[in-house]
Structures are given as structure tokens and as C-alpha cells.
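Chains, contacts and geometry: an overview
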Amino acid sequence: MKPTIAPFPLARPRRSRRTEAIRSLVRENALSVNDLIWPVFVRDGEGIEEPVPSMPGVIRRSVDKIVEAAREAADLGIPVICLFPYTDPSLKTEDCAEAWSPDNLSNRATGAIKQAVPEIAVMTDVALDPYNINGHDGYVVDGEIVNDPSVEALVKMAVAQAEAGADIIGPSDMMDSRIGAMRQALEAAGHQHTLLLSYAAKYASAFYGPFRDAVGASGALKGDKKTYQIDPANSNEALRMIERDLNEGADMVMVKPGMPYLDICRRVKDTFGVPTYAYQVSGEYAMIQAAAQNGWIDGDKVMVESLMAFKRAGCDGILTYFAPAVAKAING
Ligand code: PBG
């Protein structure tokens, strides 16, 4: 459809911008608490809330504190909490067995939240990096990140998470064929209701830096993730990955990072019309917080504007570290 506009002064576009009442009447998009997925970091211990230095306002919490946070999130109307474990370095190994242990940190936190706050959906992350001595999302053999053995491990990890009670499983590993393998294994294990939110278009981005600090993977990571995450120069490739993951049984798809990849969000939504999510990643969050702390931008306004951009780009929801803050802003 071609946009039409009458010539001036028949059209005076500023008429519809004059008052807040009129602006709200013509507003095209809205940000709701229903759009929010809140990523949180879990650590061991009890009663612990430990700030993450490179992500001002973000804290690692022990399981009891995560349960409290989930309660607060549910009370704010946030529908989903997404768990990332900060794993003790002594539990990192070459075979990553801790990843599918039924009582690893992530699985214990899932169980505790589902028991205390059943109304919030729990999302978990599938990738070997928190448990891998090499810091990679897959197994490393002679310097190569090998695909098929990694998928076998990732499938075990996904099933353990479903068993622990995860509602949504988020494979962030970018190995080939993992979505299909996980879907089959989940069906076979009786977890036919478990959703797969595929990190389908995940780029090899420098914006993940602060996250790797938060989960303690920065020190461990040897090399980079360019042989499995997408080249930031590519766009058609992202669409192929989305299509593949949908064909393999993904219920929802994600574009990651967020703001630098809004063009991909729009293409995905227009092409497939499926539930589409973006991850406003740690580096995006850290940039906004750092500038706000210096008084260079109005942090609250930039937060809302940055999240509205995702709605405008066609996203159905956003993973954001701002979730509780923006929920409070929306709820007034
Ligand atoms: C790891 C994973 C990463 C993020 C989510 N899951 C980092 C990476 O791929 O190195 C990044 C999230 C963020 O930066 O906020 N599988």
C-alpha cells in the first residue's frame, strides 16, 4: 500500500501531534508488560545478591533470592523469567556433564520458582558455555567446535530442563539440527507441552561482553564464536536460519542482539508472521546505563524508547534486563 498525503495546508501533519490525547489516539504501537521476558543470573549460596559490575542494576542472586525476584516479577505482570546460571569454575569440565545434571543451579532454580510462583513461566537457556572449560557453546575437539556430539549433549540438557519444569526452552547454541533433535527428544520423553524459543538468528556479536562477565564465561572463552554464530554482515542467512528452525519444530524465534538488528526483526516478522522476539542484550543495556549514570542521556526515557523500537520493528516481545524497571514505568 502506497502512503498518500494531501498537499499542504489540506494536510497539516502537526494537527495530530498537538496534544497527548490526540497523540495517543493515533499511536501505532504500544509496549505492554505482557511483552517482557526478564533474564536473570543465578548463583549458588543463600541470601546472596551480588552486583554485576559491567551491568549496573543487574545482580546475581542465589536460588532463594531468585524466587523472591520471580514473585516480584509476577506481581508486576511480567509473564516470563529467563534463567542464566553463574557456574562455579570447579564445575566446568570438558564433557560439560553439569549441564544435564537434574540438580544443577538452573534446574534447582526452575523447580523452586515453579513451586513458589507457579503463574510465571520459566525459560531456560540451552548451550554448553556455562559448563564448558573452553567457554564455548559446543564441544571443542582439537580446536574445532564440533557439531553433532554437541547436539547430543544439548539434547540431554534440554530434556533435563523440561524435567525440572521449564516452560520454555531457549537453545542459544547455534549448532545445526539442534531444534529438531530437541523437539523429538522432548516428545519422546513426554514433554509435548514444552515450548522451544529458538535463538535462530543469533549473531557473532561484541555486544555480549558484559553477559560473559555476568555468567563468568569471559575468562574461560578461548577464541570467538564465529564458526557457529551468524556474521553481522548477513541478513538473508538469518531468514534461512529462522525458516530452518521453524521447520524443525520451533514454536517461537528470536533475533539477537536487538537494537543493531531491528532490520532483521522486521524481515522475520514480515516473512514468516510467527511469534518473534528480540534480545536486548547485555552490551545494549550497559551502554544505556553507562550513559545515564554519566548524566548524558535520560535513562528512563531511553529505556522506554529503545523497547518501543522493538514493537515498531514487529516483535511480539523482548528479553530485557530492564523488565522490572519498565514494568513499573508502564504500571505507573
Ligand atoms: C550463551 C549466551 C550468550 C547470551 C545468551 N546466551 C552469550 C554468548 O553467546 O556468548 C548473551 C546475552 C547477553 O549478552 O545479554 N549461549
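In every chain, residue numbers begin from 1 and rise along the written sequence. With pLDDT at 70 or above as the cut-off, local features in this predicted model cover only qualifying residues; side-chain atom pairs require 80 or more to be listed or tallied, and sums for whole chains, interfaces and linings still use all residues. No hydrogens and no water enter the side-chain calculation; it runs on all heavy atoms of the structure.

1. A look at the site of the ligand
- Consider each residue's heavy atoms; a residue with any of them within 4 Å of a molecule or strand counts as near. Surrounding the ligand, one finds 17 residues, the nearest of these being Lys202, Arg212, Lys256, Ser282 and Tyr321.
- Burial of the ligand by the surrounding chains reaches 100%, relative to a free accessible area of 410 Å².
- Think of it as three bins: nonpolar holds Ala, Val, Leu, Ile, Met, Phe, Trp, Tyr, Cys and Pro, charged holds Asp, Glu, Lys and Arg, and polar takes everything else, Gly as well. For the shell around the ligand, the class distribution of residues is 7 nonpolar, 3 polar and 7 charged. Here the open area of atoms and residues is found with the Shrake-Rupley method and a 1.4 Å probe, where only the protein chains shown may cover a residue.

2. Focus on the packing of helix α3 (residues 105–116) against helix α4 (residues 148–164)
- Here an axis means a line fitted to C-alpha atoms, over the contact stretch when the element is a helix, while the angle between two N-to-C directions is reported on a 0 to 180 degree scale. In this description a helix means any DSSP run of H or I spanning at least four residues, a strand means any run of E spanning at least two, and both kinds are numbered starting from the N terminus. Contact geometry for α3 and α4: axes closest at 8 Å, N-to-C directions at 25°. When the axes of α3 and α4 are compared, the pair comes out roughly parallel. Once α3 is placed against α4, the crossing between them reads as right-handed. Along the contact surface, α3 presents Asn107, Thr110 and Gly111, while α4 presents Ala160, Gln161 and Ala164.
- Tallied by class, the residues present in the contact of α3 with α4 amount to 2 nonpolar, 4 polar and no charged. What sets the label is the angle itself: under 35 degrees gives roughly parallel, over 145 gives roughly antiparallel, 65 to 115 gives roughly perpendicular, and the rest give oblique. In this scheme, a crossing is called left-handed if the near helix is turned counterclockwise away from the far one by less than a right angle; it is called right-handed if the turn is clockwise. For this analysis, residues touch if any pair of their heavy atoms sits within 4.5 Å.

3. With respect to the nonpolar core
- In terms of nonpolar packing, the biggest core is built from 105 residues, with Phe41, Ile113, Met123 and Tyr279 touching the most fellow members.
- If sequence neighbours within four positions are ignored, methionine 123 has contacts with Ile37, Val80, Ile81, Cys82, Leu83, Ile168, Gly170, Leu197, Tyr199, Met254 and Leu319. Here, nonpolar core refers to any group of buried Ala, Val, Leu, Ile, Met, Phe, Trp, Tyr and Cys residues whose side-chain atoms link them within 4.5 Å. Throughout, exposure labels follow a simple rule: accessible area from a 1.4 Å probe, protein chains only, divided by the maximum for the residue type, with under 20% read as buried, over 50% as exposed, and the rest as partly exposed.

4. Details of helix α9 (residues 282–293)
- Here the expected span of a helix is defined as 1.5 Å times the quantity of residues minus one. A rise of 1.5 Å per residue sets the reference length of α9, with its 12 residues, at 16 Å; its end C-alpha atoms lie 16 Å apart and thus fit the reference within 8%.
- Considered for burial, the residues of α9 that qualify are Ser282, Gly283, Glu284, Tyr285, Ala286, Ile288, Gln289 and Ala291.
- Those residues of α9 that are buried lie in contact with α6 (209–214), β11 (276–280) and α10 (299–312).
- Glycine 295 lies just past α9 and shows a positive phi near 75°.

5. Here's the deal with the environment of lysine 328
- Following the sequence through the fold, lysine 328 ends up in helix α11 (residues 323–331).
- Of the residues examined, lysine 328 reaches a relative accessible area of 53% and is grouped as exposed.
- Distance in space between the C-alpha atoms of lysine 328 and methionine 123 is 22 Å, their sequence separation being 205 residues.

6. A short note on unusual backbone geometry
- Proline 9 follows phenylalanine 8 through a cis peptide bond whose omega is 5°.
- Locating proline 9 in the fold gives a position in the segment before α1 (20–26).
- Non-glycine residue aspartate 142 carries a positive phi angle of around 50°.
- In this structure, serine 177 takes a positive phi of about 75° despite not being glycine.
- For serine 177, a relative accessible area of 36% corresponds to the partly exposed category.

7. Brief notes about the side chain of lysine 256
- Inspection of the secondary structure puts lysine 256 in strand β10 (residues 252–256).
- Although buried, lysine 256 forms no salt bridge, and the nearest oppositely charged side chain, aspartate 125, lies 5.9 Å from it.
- Sequence-distant contacts of lysine 256, that is, excluding residues within four places in its chain, are made with Tyr199, Ala201, Lys202, Tyr203, Tyr208, Tyr279 and Val281. Charged residues are defined narrowly, with Lys and Arg counted positive, Asp and Glu counted negative, and His plus the chain ends left uncounted. One side-chain nitrogen of Lys or Arg within 4 Å of one carboxyl oxygen of Asp or Glu is enough to make a salt bridge.

8. Description of the pattern of salt bridges
- For the structure shown, the criterion picks out 20 salt bridges.
- A salt bridge links aspartate 44 to arginine 43; its shortest N-O distance comes to 3.1 Å.
- Since its relative accessible area comes to 32%, aspartate 44 is described here as partly exposed.
- Between glutamate 68 and lysine 65 there is a salt bridge, and its shortest N-O distance comes to 3.6 Å.

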